[in-house]
Amino acid sequence: MKHLILGAGPAGVIAAETIRKHAPADQITIVGDEPEAPYSRMAIPYLLMGHIGEAGTHLRHAGDHYQRLGITLQRGRAVKLDTAARRVQLDDSRWLDYDRLLVATGSSPATPPIPGIAGPGVHACWTLADARAIQSLAQPGARVLQMGAGFIGCIIMEALAARGVQLTVVEMGDRMVPRMMGPVAGGMIKNWCIAKGWRCTPAPASTPSSATPRR
């Protein structure tokens, strides 16, 4: 049986490993749209802090892990699905056949619909490519505006501050981590950030919030 998994993140990798445990002879293929080995996006802030290198973000550290399990990794982005013929077309025009298909492509960054959001110097903090761009720009003394101070945003905020930047954080809510913290706890985080010398500014009510660092 052919198993095709779209998405090379933790969900896709763990699914492939689980299938292999129960189906030793089946064919398993993971398709990811990045040139990197499968990695964890949650590790990117620690890469920005310098606590780990890029290899530290990888989900599996043995270089032959997928080969030993008989799991094929392919690069590509699915652009068309033919459920009748049980096949998927990739962006390089290749077709991949399957008996079972798992779509584990995850989510994408929330980008506020404001003028200039796609301009130069504006980055999401989502991929290793994003992290490399942020590392090159977020040098000591650089002015950085971060949009959003949710749970992940606060981790990114700490990583940026550790790089010695002049940091300003804009959050649509009246406190940090507004969806997870009440006024007291969220306000304590905000006050702690201000005491660190970071500017914390409420966004206009009409501007959606996201975790997008900007230089």
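Here's a quick rundown of the structure. (Residues numbered from 1 in each chain as written. Predicted model: local features only at pLDDT ≥ 70, side-chain atom pairs only at ≥ 80, totals over all residues. Heavy atoms only, no water.)

## A word on the pattern of salt bridges
Rules: The working definition used for a salt bridge is a side-chain nitrogen of Lys or Arg within 4 Å of a carboxyl oxygen of Asp or Glu. Using a 1.4 Å probe on the protein chains alone, a residue whose accessible area is under 20% of its type maximum counts as buried, one over 50% counts as exposed, and one in between counts as partly exposed.
In the structure shown here, the tally under the stated rule is 8 salt bridges. D82 is the partner of R87 in a salt bridge, and the nearest nitrogen-oxygen pair spans 3.8 Å. Overall, the relative accessible area of 29% leaves R87 in the partly exposed class. According to the relative accessible area criterion, D82 is partly exposed, its value standing at 24%.

## Here we look at the pairing of strand β1 (residues 2-6)
Just so we agree on the cut-off: Numbering of helices and strands runs from the N terminus; a helix is a DSSP stretch of H or I covering at least four residues, while a strand is a stretch of E covering at least two. When the strands point away from the viewer, a crossover counts as right-handed if the path from the first strand over the helix to the second runs clockwise. Pairing between two strands requires that DSSP report at least two bridges joining them.
Within β1, 4 of the 5 residues are buried, which leaves the element mostly enclosed by the surrounding structure. Each parallel crossover has a hand, and the one from β1 via helix α1 (residues 10-22) to strand β2 (residues 27-32) is right-handed. Of the strand pairs in this sheet, β1 and strand β7 (residues 100-103) are connected by 4 bridges, and their pairing is parallel. Note that in β7 the partner of L4 across the bridge is L101.

## With respect to the sheet that holds strand β6 (residues 95-97)
Note the following rule: Simply put, an axis is a line fit to the C-alpha atoms, just over the touching stretch for a helix, and the angle between two N-to-C directions goes from 0 to 180 degrees.
Overall, antiparallel pairing links the 3 strands, which are arranged β4-β5-β6 in an open sheet. Here the strands that pair on one side only, and so sit at the sheet edges, are β4 (78-82) and β6. For this sheet, the mean inter-axis angle between neighbouring strands, taken without regard to orientation, is 25°.

## Examining the nonpolar core
The cut-off we apply is this: The term nonpolar core refers to a set of buried residues drawn from Ala, Val, Leu, Ile, Met, Phe, Trp, Tyr and Cys, joined through side-chain atoms within 4.5 Å.
If you look at the biggest cluster of nonpolar residues, it comprises 26 residues, and the most contacted ones within it are I44, L48, M157, L160, L167 and M176. Of all the secondary structure elements, the ones that give two or more residues to this core are α2 (44-49), α4 (128-137), α5 (151-162) and β9 (166-171). When residues in this core are grouped by element, the largest group, 6 residues, is from α5. In terms of nonpolar packing, the next biggest core, distinct from the first, is built from 9 residues, V13, L59, Y66 and I71 among them.

## Comments concerning the packing of aromatic side chains
As a reminder of what qualifies: Aromatic rings from Phe, Tyr and Trp, with only the six-membered ring used for Trp, were paired whenever their centres fell within 6.5 Å, and each pair was classed as stacked if the ring planes differed by under 30 degrees, edge-to-face if by over 60, and tilted otherwise. By definition here, charges over rings are those cases where NZ of Lys or CZ of Arg is within 6 Å of the ring centre and within 35 degrees of the ring normal.
With the rule as written, the count across this model stands at 1 aromatic pair. Note on W192 and W198: the rings are 5.7 Å apart at their centroids and 90° apart in plane angle, and the pair reads as edge-to-face. The residue whose ring lies beneath R87 is W95, and the NZ or CZ to ring-centre distance is 3.8 Å.

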